[in-house]
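# Examination of the molecular architecture
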Amino acid sequence: MSQQSSARPYMNPYLAGTVLGLVLFLAFFITGSGLGASGGLNRLLVYVQNLINPEHVDQVAYLLKMAGGNANPLDSWIVFLTVGTVFGGLISGLMGRRVKFETNKGPQISNGTRWFMAFIGGALMGYGARLARGCTSGQGLSGGAGLSVGSWAFMFAVFAGAYALAYFFRKFWN
Amino acid sequence: MATFPLPLADLLGHWSSYVVYALIGIAFGMTLESAGFGNSKLLAAQFYFKDMRVFKVMFTAIIVAMTLIFLSSALGILDYNLIWVPPTYLWPGIVGGLVMGVGFIIGGFCPGTSLVGLATGKLDAIMFVFGVLFGIYLFGESVSAYAVFFDSSYMGRFTLPELFNASYGTVVFIIVVAALALFVVSEKVEAKVNNRPQQKLPAWSKPAAGALIVLAIVALVIGQPSNEDRWQAIAGESQAKLDQREVQIAPAELLKYMNDSKIKIMPLDVREERYFNQFHLRGALNVPLRSVQEKAEELQFELANTVFVTMSNDEVGATEAWKILKAESLPNIYVLEGGINAWLETYAADSFAEQDRISGRQPDQLAYKFKAATGSRHPAAEPNPNFLDLKFEPKVILELKRAPVSGGCG
């Protein structure tokens, strides 16, 4: 693993899971809404789209809901949660001395290949997350804890999709 | 009634309430980063059984949060009806999940984890975030081409206990035990794949697992509150409103709002179908009293400016329905004063009212005879307010909706 020697080790997964569970519970307990990520990115994107081409936004039903007319796509709790997530990651990274410009990849591929893969994988993730009406955080974690049938079916599908193709991509990671 | 979740926008104001979400986001990001989720290699290792961190963190979080949610709901502190449970769209969810799984193994992140990867300078995470934005952009542009599929297999707020016809406590308990068992298995798998002895678990892990099981059992034993329990919790305040007639609105007030484009009136006609067929208000939904509780879930999804008005022949059935819906935390519900009979008395033509009045009727019976099933085609189903003098004591006060209309990835 390409980490600085001074980087502190990651938290024990069960401890991290317990803390994450408490954060998730508190999010539900206080706000009723749970956690999420892709929705915030979606609204940030629509905000930019609306600056560039507001007529287009007003013509596409899916975008209209967020930024049609004088609706402000940033006027949503999820945007603030998403911005907070980035800051939280930075704070924790600084505390653990893990902030470093680097590319994590398997030893057999170049940085360029890894970046290309990351972009393609990200595009699939972004597309799939909107189709499924939520990502691993919003559907999986939050919906899973709330016992939604759709969220559990979704979670199995994510793991199934990744495990099904893991063999073909082994060279990229190992 | 359960105090939590809090009506944040009411308490702090619209924009200031977002501070709370930002703080939750910070805690979320810190946890994801500490768990190692900023590192794509560590995330991908899950799918080669080398490091099952993703599974362990995710399912520990799910069972901890789930147990606490249903425990606090059982204790009456948290209102589960006001908790966002993603509505099920089964097939779009599954297909989207599969696409995401493929994206996960190719890209090495999911949207949440890529944000903390980006925050800690991981270049692959930055590329991934650009990819996510591109994917979302493509989705926005293409979804209208298959909107039918995107909105298909909708099942509403549908939960595992409803699917398996078991109690919430039972399902929570089974999931907790199953997840703990899978943790034991994943420790063995990791040791085998990496060809090393099993890692020693921290000393607190067994007591913590035991404590979680105990909490799940407590939630199971207490059980989730029934509609009757929920009513008892609010009966003091709510019965007073009924007794002081604060929630019984005059026919004229209902008629006014039926013609107000800023308010969506949803008349809930709780009579049996035979009455409903004889006469009902235009746009009324027939929800016989026995199915009112079942319907409550669906009604939570109505727009925030919806005002529900329950109605029966007089007020008996409508008041029962009001109690049931109030206990289920539905906002903005009122009772039609005097029921359908009072409505007809006010708005049916005088000739009709005199000829067809039934004398010596029983309580909650229709006071008028209809020669045919007129439904909402009867002139009194939607009187024209412009020709009427609408005088009433206003009672409707629009309260902010507390059940989240979006959640998770909103």
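Structural data are supplied above this passage.
Let me begin by describing the structure that accompanies this report. As the structure is a prediction and not an experimental result, all values here were calculated from the model.

### Points about the interface of chain A and chain B
Counting from both sides, the interface comprises 122 residues of chain A and, opposite them, 132 residues of chain B. When the two sides are added together, the surface that chain A and chain B hide from each other amounts to roughly 11300 Å², 75% of it contributed by carbon and sulfur. Here chain A is connected to chain B by four salt bridges. As a salt-bridge pair, Arg114 of chain A and Asp124 of chain B come within 2.9 Å of each other at their nearest N and O atoms. Elements supplying a minimum of two residues to the side of chain A that touches chain B: helix H1 (13–31), helix H2 (38–52), helix H4 (61–67), helix H5 (77–95), helix H6 (111–131), helix H7 (136–145), helix H8 (149–166) and helix H9 (170–173) of chain A. Broken down by element, the residue count for the side of chain A that touches chain B peaks at 18 residues, all from H1 of chain A. Here the side of chain A that touches chain B is composed, by residue class, of 67 nonpolar, 45 polar and ten charged.

### What about the pattern of salt bridges?
Residues and elements named next belong to chain B. Here the structure, examined in full by the defined rule, presents 18 salt bridges over all chains. Note that Glu302 is salt-bridged to Lys264, the shortest N-O span being 2.5 Å. On the criterion of sequence distance, the pair formed by Glu302 in the loop between helix H15 (292–299) and strand E6 (306–311) and Lys264 in strand E4 (residues 264–269) is long-range, its members being 38 residues apart. Assessed through its relative accessible area of 18%, Glu302 is described here as buried. For Arg290, the salt bridge is made with Glu272, and the minimal N-O distance between the two is 2.6 Å. Here Arg290 is found in the loop between strand E5 (285–286) and H15, whereas its partner Glu272 is found in the loop between E4 and helix H14 (273–278), with 18 residues between them in sequence. Arg290 gets classed as exposed once you look at its relative accessible area, which sits at 63%.

### Here we look at unusual backbone geometry
The omega torsion across Phe4 of chain B and Pro5 of chain B is -5°, close enough to zero to call that bond cis. Position of Pro5 of chain B relative to the elements: it lies in the segment before helix H1 (8–12). Non-glycine residue Arg133 of chain A carries a positive phi angle of around 60°. For Arg133 of chain A, the location among the structural elements is in the loop between H6 and H7. Given a relative accessible area of 24%, Arg133 of chain A falls into the partly exposed group. Phi angles above zero are rare outside glycine, and Leu147 of chain A is one such case at about 65°. Assessed through its relative accessible area of 0%, Leu147 of chain A is described here as buried.

### Describing the packing of helix H10 (residues 168–193) of chain B against helix H11 (residues 205–222) of chain B
Residues and elements named next belong to chain B. Where H10 contacts H11, the two axes come as close as 8 Å, and the packing angle between them is 165°. One finds that H10 runs roughly antiparallel with respect to H11. H11 is crossed by H10, and the crossing has left-handed handedness. Residues Gly169, Thr170, Val172, Phe173, Val176 and Leu180 of H10 form the contact with H11, whose own contacting residues are Ala209, Leu212, Ile213, Ala216, Ile217 and Leu220. Split by residue class, the contact of H10 with H11 holds ten nonpolar, two polar and no charged.

### Here's the deal with the packing of H1 of chain A against helix H2 (residues 18–34) of chain B
Interhelical geometry of H1 of chain A versus H2 of chain B gives an angle of 165° and a closest axis separation of 9 Å. Considering the angle they form, H1 of chain A stands roughly antiparallel to H2 of chain B. The hand of the H1 of chain A/H2 of chain B crossing is left-handed. Counting all contacts with H1 of chain A, which are made through Ala16, Val19, Leu20, Val23, Ala27, Ile30 and Thr31 of chain A, the residues of H2 of chain B involved are Val20, Tyr21, Ile24, Ala27, Phe28, Thr31 and Leu32 of chain B. Residue composition of the contact of H1 of chain A with H2 of chain B, by class: twelve nonpolar, two polar and no charged.

### Things to note about the side chain of Ser151 of chain A
Looking at the element boundaries, Ser151 of chain A is found in helix H8. In this structure Ser151 of chain A comes out as buried when scored by relative accessible area, which is 0%. The contacts of Ser151 of chain A, once residues within four sequence positions are left out, are Gln139, Gly143 and Gly144 of chain A together with Pro86 of chain B.

### So, the side chain of Thr31 of chain B
As for its position among the elements, Thr31 of chain B is in helix H2. Those residues in contact with Thr31 of chain B that sit more than four places away from it in its chain are Ala16, Val19, Leu20 and Val23 of chain A.

### Points about the pairing of E6 of chain B
All names here are of chain B. The buried fraction of E6 is high, at six of six residues. With burial as the criterion, each face of E6 is covered, one bearing Thr306, Phe308 and Thr310 and the other bearing Val307, Val309 and Met311. Bridge count between E4 and E6: six bridges; the pairing is parallel. When the sheet's bridge partners are listed, Ile265 is paired in E6 with Val307. Two elements, E6 and strand E7 (residues 333–336), share three bridges in a ladder whose sense is parallel. Bridge assignment links Val309 to a residue of E7, and that residue is Tyr334. The parallel pair E6 and E7 is bridged by helix H16 (residues 316–327), and the resulting crossover is right-handed.

### Things to note about empty space enclosed by the protein
Taken as a whole and assessed by the stated rule, the structure comprises five cavities of 30 Å³ or more. Taken as a whole, the largest cavity holds about 150 Å³ of empty space. As for the largest cavity, its lining consists of 15 residues, and the residues nearest its centre are Thr136 of chain A together with Leu32, Phe37, Cys110 and Thr113 of chain B. Secondary structure elements with two or more residues in the lining of the largest cavity: H7 of chain A together with H2, helix H4 (53–74) and helix H6 (111–119) of chain B. The class makeup of the residues in the lining of the largest cavity is eleven nonpolar, four polar and no charged.

Cut-offs applied
Residues numbered from 1 in each chain as written. Chains lettered and ligands numbered in written order. Predicted model: local features only at pLDDT ≥ 70, side-chain atom pairs only at ≥ 80, totals over all residues. Heavy atoms only, no water. Contact = heavy atoms within 4.5 Å. Buried area = accessible area lost by both parts, 1.4 Å probe. Salt bridge = Lys/Arg side-chain N within 4 Å of Asp/Glu carboxyl O. Helix = DSSP H or I, 4+ residues; strand = E, 2+ residues; numbered from the N terminus. Nonpolar A, V, L, I, M, F, W, Y, C, P; charged D, E, K, R; others polar. Buried < 20%, exposed > 50% of the residue type's maximum accessible area, 1.4 Å probe, protein only. Axes fitted to C-alpha atoms, helices over the stretch in contact; angles between N-to-C directions. Parallel < 35°, antiparallel > 145°, perpendicular 65-115°, else oblique. Left-handed = near helix turned anticlockwise from the far one by under 90°. Pairing = 2+ DSSP bridges. Right-handed = clockwise from strand over helix to strand, strands pointing away. 1 Å grid on protein atoms, 1.4 Å probe; cavity = no way out; pocket = protein on both sides within 12 Å on 5 of 7 lines; lining within 4 Å. Points joined across faces, edges and corners; volume = space filled by probe spheres on them.

Limitation: the analysis is restricted to geometry and does not speak to function.
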